[in-house]
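Chain and residue survey
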Amino acid sequence: MRAAINKWGIKFLAGAFPANKPTLITGSGAMLKLAKLMMNSGVQRPLIIADGFMTQSGKLSALTQLLKDANCQFTVFDEVVPNPTMLEVENSVILAQSIQADGIFVVGGGSAIDIAKVVAATLTNGSKPKKLIGMMRVRNKPLPLFAVPTTSGTGSEVTVAAVISDPESHQKAFFLDPDFVPLAAGLDTDLLASLPPAITAYTGMDALTHAIEAYIARVHFNDAQSDALTAIRLLLEYLPRAFKNGTDLEAREMVALASFMAGYAFSKQGLGYVHAISHQLSAHYNTPHGLANAVVLPRVLRFNKPHCLKQLAEIESAILGKDSVLPEQQLANNFIKRIDQLSDELQIDKSLDSLLEKDFFKIAKQALREANDSYSVPKAMKLKQVIRILDAVKAGEREVAF
Ligand SMILES: [Fe+2]
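Definitions and limits used
Residues numbered from 1 in each chain as written. Predicted model: local features only at pLDDT ≥ 70, side-chain atom pairs only at ≥ 80, totals over all residues. Heavy atoms only, no water. Pairing = 2+ DSSP bridges. Helix = DSSP H or I, 4+ residues; strand = E, 2+ residues; numbered from the N terminus. Axes fitted to C-alpha atoms, helices over the stretch in contact; angles between N-to-C directions. Left-handed = near helix turned anticlockwise from the far one by under 90°. Contact = heavy atoms within 4.5 Å. Nonpolar A, V, L, I, M, F, W, Y, C, P; charged D, E, K, R; others polar. Domains from an automatic or database assignment. Salt bridge = Lys/Arg side-chain N within 4 Å of Asp/Glu carboxyl O. Polar contact = N/O pair within 3.5 Å; in protein donor to acceptor, adjacent residues only side chain to side chain.

1. Brief notes about the sheet that holds strand β3 (residues 75-80)
With parallel pairing, six strands are arranged side by side in an open sheet as β1-β9-β6-β4-β2-β3. Two strands bound the open sheet, and with one partner strand each, they are β1 (23-26) and β3. Across the sheet, the mean angle from the axis of one strand to that of its neighbour is 15°, orientation sign disregarded. Pairing of strand β2 (residues 46-51) with β3, which is carried by four bridges, proceeds in the parallel orientation. Note on β3: the bridge partner recorded for I49 is F77.

Written as C-alpha cells, this is what we have:
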C-alpha cells in the first residue's frame, strides 16, 4: 500500500466498525462472473473504469460484450494513468454523473481501484472529491463498487484507503474510510497470467511485506493475524511458481488470494518501517514500490527481530506446519533466511543503484516521521539506524549491525 494511515485512525476504525470484506470471486473468468453479480444486484448503468492498457490490449472486450448482450447501459472511462491525479477523478465523476451511473466496475491496478473508490463515494455524497480527503469523510454509502485487480500486490480491492496525487499541492491525497471497501472483488487468473515476471516479483513482495508488517505490528486482531499468516505461507509457496511460470493459474490464484488477505490484514493492523523507508525511496528515485519494499525488507526484519522474536518464530513454525523444538531465536533466524532465499529466487537485487548518500539524512528523517505518525511498530527506530539500513542497501549487504 502507498498510503500512510494514522495509527489512531487504524485503531479507531478497526475497533469501531465491523470488518468489511468484499464478496470474493476467484479464478478463471472471475471478471465476467463479477459483472454478472453486478447486474444481478440491480446495477443497470455502470461506469467501467479501466487502465488504458486494458482496452488497447483487447482484454476488456469479453466484459463489454457480456454487458452488451445483457442490454446493460454501461460507459467506459479508460484514461487511468499511473499515479492518477484529481483530474482523472473529477473527469470520471463528470462522466458518471452524465450517464446517471448506478454502480462502478473497475478493472486495473491499485491506481485505477483507488480512483474508483473515490468516484463511487463522491457520487453519493454530493461533494467534490477533494472534500473526501482525510479520514471518515464519507457520510452516505458509495455507489456499489466492483473491483478486478490486474496485479497481485496492493490489496486495494480490500483496503479502506485510496491515494490520489494532487498536482496543485504536489502531494499525495489520502482518503480513509471503511466505506471505501468495494462491495465485491474478482481475482481473475486469466488477466493475471500475462503479468511479466519482474512485476510479479515486485508486487508479490509488496503483498508479502504487507502481511509481515501487519503480523508483527502492535495492533492485533485475530482475523487479521490469521489472514496475515496465511498470506505469508501462500506467498512463500506460490510466488516463486507464478514468477517462473506466469501461466501457472493455480499459483496465480493463490498469490492473488494472498495479496487480498494481506490487504485485509494491513488495513486493520497497519504497516511498518519497510513501507516508511520504501515510500521515501520511491519518492526520491522513482523506485517501483514493490522493489523498494523487497530490498528494504530483509534489513528491517533484522532490526525488528529482537523485538518481535515470538511473532517471527510463530510464522516459521506455521510454515513448517508442526510444533518445532527449535528455540525462538533459531526459528526467527530461519524465517529471515527464507526471505533472503525468496528474494534471490525472484532475482531481486541486493542493492539499489540509484541511492545517493547525500539523501540519506533526509530520507531517514522522512521515514521516521511517517512511521511515528502512522504505524504501531514493534520497536521505534533511531535516525542512525535508518541510515545504517540505507548504508546496507547501498552496499548490497543484508546483514546489518544495529
Ligand atoms: Fe505496499
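2. Things to note about the packing of helix α8 (residues 197-216) against helix α12 (residues 289-304)
Where α8 meets α12, the closest approach of the two axes is 8 Å, and the angle between their N-to-C directions is 35°. Seen along the crossing, α8 lies across α12 with a hand that is left-handed. Mapping the contact onto sequence places Y202, M205, D206, L208, T209, H210, I212 and I216 in α8 and H289, G290, L291, N293, A294, L297, L301 and N304 in α12. Here the contact of α8 with α12 is composed, by residue class, of nine nonpolar, six polar and one charged.

3. Focus on the domain arrangement of the chain
Each assigned domain of the chain is listed here: domain 1 (7-192) and domain 2 (197-395). A straight line from the C-alpha centre of domain 1 to that of domain 2 covers 26 Å. Tallying the contact residues gives 25 residues for domain 1 and 29 residues for domain 2. Summed over the shared surface of domain 1 and domain 2, the result is one salt bridge. For D227, the salt bridge identified is with K21, shortest N-O distance 2.7 Å. In this structure, the connection of domain 1 to domain 2 is made through six residue pairs in polar contact (both at pLDDT 80 or more). For the side of domain 1 that touches domain 2, the elements supplying multiple residues, two or more each, are α1 (7-16), β1, β9 (184-187) and α7 (189-192). Ranked by the residues each element gives to the side of domain 1 that touches domain 2, the list is headed by α1, at four residues.

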